[in-house]
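This is what each chain is made of:
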Amino acid sequence: MTLSGGASVPRFDPSRLDDQAYLADGDPSGMLRTVASSAAQIRTAYRAAVEAGATRVAGQGRPRALVVAGVGAAGIAGDVLNAVCGPGAPLPIVTVRGYRLPGWIGAADMVMVLSFTGRGDEALALGAEAVRRGCSLLAAGPADTPLSALAAQAGAPFVPISTVAGQPAATMWGLAVPLLVAASALGLTDAGEPVFEAAAQRLEDIAHRCRPASDSFINPGKTLAMELADGIPMIWGTAPIAAVAAHRLAAQLAEQAGCPAVWGALPEAAHDQAGVLDGPLAARDIFEDFGDDEASGPRARVRLFLLRDADEHPEVAERRQTSLRLAQDRGVPVSEIASEGAHPFERLAALVGLGDFAAAYLALGYGLDPAPMSVIAELRARVSQ
C-alpha cells in the first residue's frame, strides 16, 4: 500500500526483531545500546550530583515548594520527583512546562531548572525569572552552556549531565537523579546511594532480558513491542509511579517510532477514556481490508495497557479490575505490566526500562531507525530561528 504522495506505508514485521544482522544495521543511532546503558546513567548521575553539591540545598532550609522547570524528558523528570516523594511529601512539588512561572512562586520556593541542551529557551526563561524573584535555584544540564552560566551567576549548585547526541530522552535519568539527591537531602524521600544502586541493578537485569540476542518469545521488550504494534495503545497507570511510566512510554512511542498513544492515570483515565472501549476503534482488525480504497488506509484498533505498581490504592485496584473486564467483554485486547522492586524509584526504573526497550523495538519492527523522528529536529531548528 502507498500513501497519496507515493510513499510506502511501513508495516510492522515481527521477524525483524530476531534478525541480529538487521537489528545491528537498522539501529545506526545506537538506541538499543543507549537504553542498555541506563544503569550506568543512574550511577554516573548520582556521582555527579553528589560531587556538584546538590545536597547543599538543605543548608537553606526546607522551601515552601519545589518547582521543576523543563519540557520533554526534563518535565517527566519532575514527575518522577513528585511520584517518588509521594502524596506524603510535606510540601507541593510542581512541574512547569512553559515559559512563565505561576504568580505565587517567590523567594520562599526552590526552582530546579533542567535542560537536555543547557540552551532550551523555556528552561532559560524560567531560570532567569526564578532568579529575579529571589527563588533558591538548582540546575542540571551540560557543562559550559547558558544554563550553567546562569547557575554560576546565581551562586546555585549546577549538576553537569552526560548527553547522547540527538537523543534527549536518553538523558532522563541524568536529569531525574539530581532532583532526588536534593530531595533526599531535604528529607522528602530516602533516596540514598543504596536506592540508586538497586535501581541500576534492576535496569541491568532488564537490559539482559531485553538484549537483541534474546528471542522474541522470551524477550519482554520484544513481546511488549509486538503488543504495542497490535493497535493504538491506551496506557493507564494505576499509581503515581505507574502513571509517570505511562507518560514516558507514550512519549517514547511518538519520538522513536512515530506512533500515537493515549495515556492516563486511574481512576481519572477510566472516567475520561473508557468511552473508547465502545468507540469505532474498539475490537477492530488492524489489517482490515478496504478493497481498492487505499486512501482510507488500514483502520487501527485500540489496545489497553495497564501499568501496575505495588502502591495501588484499593479503590484503584477495583477500578483496574473493572476496566479489564469491560475491555475483555468488548473484545479489546489488554496487557498488564507490573512494576518490580522495593523502593518507588526502583519500581519506576523497572517500568520505564522495559518501556524504553519496547519503544526501540517497535521502531525497528517498522523498519525505522529508533532515533528521534526527523520532524522533531526540524521543529527545534525552526523554533530557534
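The name given to the protein chain in an unreviewed UniProt entry is SIS domain-containing protein, and the organism recorded there is Microtetraspora fusca.

*Asks:* What is the right way to read the side chain of Asp109 from this model?
*Replies:* Here Asp109 lies in the loop between strand S2 (93–96) and strand S3 (110–114). Here Gly106 takes part through its backbone nitrogen, which lies 2.8 Å from a polar atom of the side chain of Asp109. Not counting residues up to four positions away in its chain, the partners in contact with Asp109 are Pro63, Arg64, Ala65, Trp104, Cys135 and Ser136.

*Asks:* I tried to follow the sheet that holds strand S6 (residues 232–237) on my own but got confused; where do I start?
*Replies:* Within a sheet, each strand pairs with its neighbour through backbone hydrogen bonds, oriented either parallel or antiparallel. Read from one edge of the open sheet, 4 strands run S7-S6-S8-S9, paired in parallel fashion. Lying at the two open borders of the sheet, with one neighbouring strand each, are strand S7 (262–265) and strand S9 (334–338). Going from strand to strand, the sheet's axes swing by 20° on average, the running direction of each strand aside. Relative to S9, strand S8 (residues 302–308) runs parallel, the two sharing 5 bridges.

*Asks:* I tried to follow the pattern of salt bridges on my own but got confused; where do I start?
*Replies:* As a working rule, side chains carrying opposite charge can pair if their charged atoms are close by. Taken as a whole and assessed by the stated rule, the structure comprises 18 salt bridges. Between Arg202 and Glu346 there is a salt bridge, with its nearest N and O atoms 2.8 Å apart. Taken together, the residues Arg202 in helix H8 (residues 193–209) and Glu346 in helix H13 (residues 344–365) connect sequence positions 144 residues apart. Among the ionic pairs, Arg301 bridges to Asp230, the shortest N-O distance being 2.6 Å. Residue Arg301 is found in the loop between helix H11 (268–273) and S8, and its partner Asp230 is found in the loop between helix H9 (220–228) and S6; the two are separated by 71 residues along the sequence. A network of salt bridges, in which partner residues are shared, links Arg202, Asp205, Arg209, Glu340 and Glu346.

*Asks:* Got a minute to help me understand helix H5 (residues 121–132) in this structure?
*Replies:* Given 3.6 residues per helical turn, the α-helix brings residues three or four places apart onto the same face. If you check H5, its first and last C-alpha atoms are 16 Å apart, about what 12 residues at 1.5 Å a residue would give, namely 16 Å. Burial in H5 covers these residues: Glu122, Ala123, Leu126, Gly127, Glu129 and Ala130. Viewed along the axis of H5, the buried residues span an arc of 165°, placing them on a single side of the element. Against the buried residues of H5 lie strand S1 (66–69), S2, S3, strand S4 (136–141) and helix H6 (146–154).

*Asks:* I keep staring at the environment of Val195 and nothing clicks. Help me out?
*Replies:* Relative to the elements of secondary structure, Val195 occurs in helix H8. Exposure remark for Val195: the relative accessible area of 12% places this residue in the buried category. Taking the C-alpha atoms as reference, Val195 lies 9.2 Å from Pro344; in sequence the two are 149 residues apart. Here Val195 is in contact with Asp190, His343 and Phe345, once residues within four sequence places are set aside.

*Asks:* Mind showing me how you'd approach the sheet that holds S2 here?
*Replies:* Pairing is parallel in the open sheet, where 5 strands are placed in the order S2-S1-S3-S4-S5. Each edge of the sheet is formed by a strand with only one pairing partner; in this case those strands are S2 and strand S5 (158–160). Between one strand axis and the next, the sheet turns by 15° as a mean value, whatever way the strands run. Sitting on the sheet, H6 touches S3, S4 and S5, and the angle it makes with S4 is about 155°.

*Asks:* What exactly am I supposed to notice about empty space enclosed by the protein here?
*Replies:* Space left empty within the atom packing is revealed by a probe, the size of a water molecule, rolled over the atoms. Summed over the entire model, instances satisfying the criterion amount to 2 cavities of 30 Å³ or more. Approximately 70 Å³ is the volume attributed to the second largest cavity. Lining the second largest cavity, in full, are Leu224, Ala245, Arg248, Leu249, Gln252, Leu307, Ile337, Leu351, Val352, Leu354, Gly355 and Asp356. Taken together, the elements giving at least two residues each to the lining of the second largest cavity come down to helix H10 (240–257) and H13. Here the element with the most residues in the lining of the second largest cavity is H13; it accounts for 5 residues.

*Asks:* Honestly, the packing of aromatic side chains in this entry has me stumped. Any pointers?
*Replies:* In this description, an aromatic ring pair is defined by two values, namely the gap between the centres and the angle between the planes. Under the defined criterion, the tally for this structure stands at 5 aromatic pairs. Seen from their ring centres, Tyr46 and Phe196 are 5.2 Å apart, and the 35° between their planes marks the pair as tilted. Within this pair, whereas Tyr46 is found in helix H3 (residues 38–51), its partner Phe196 is found in helix H8, the two being separated by 150 residues in sequence. As far as burial versus exposure is concerned, Tyr46 and Phe196 are alike and both buried.

Thresholds, definitions, all that
Residues numbered from 1 in each chain as written. Predicted model: local features only at pLDDT ≥ 70, side-chain atom pairs only at ≥ 80, totals over all residues. Heavy atoms only, no water. Helix = DSSP H or I, 4+ residues; strand = E, 2+ residues; numbered from the N terminus. Polar contact = N/O pair within 3.5 Å; in protein donor to acceptor, adjacent residues only side chain to side chain. Contact = heavy atoms within 4.5 Å. Pairing = 2+ DSSP bridges. Axes fitted to C-alpha atoms, helices over the stretch in contact; angles between N-to-C directions. Salt bridge = Lys/Arg side-chain N within 4 Å of Asp/Glu carboxyl O. Expected span 1.5 Å × (residues − 1). Buried < 20%, exposed > 50% of the residue type's maximum accessible area, 1.4 Å probe, protein only. Arc of directions from axis to C-beta. 1 Å grid on protein atoms, 1.4 Å probe; cavity = no way out; pocket = protein on both sides within 12 Å on 5 of 7 lines; lining within 4 Å. Points joined across faces, edges and corners; volume = space filled by probe spheres on them. Phe/Tyr/Trp six-rings, centres within 6.5 Å; stacked < 30°, edge-to-face > 60°.

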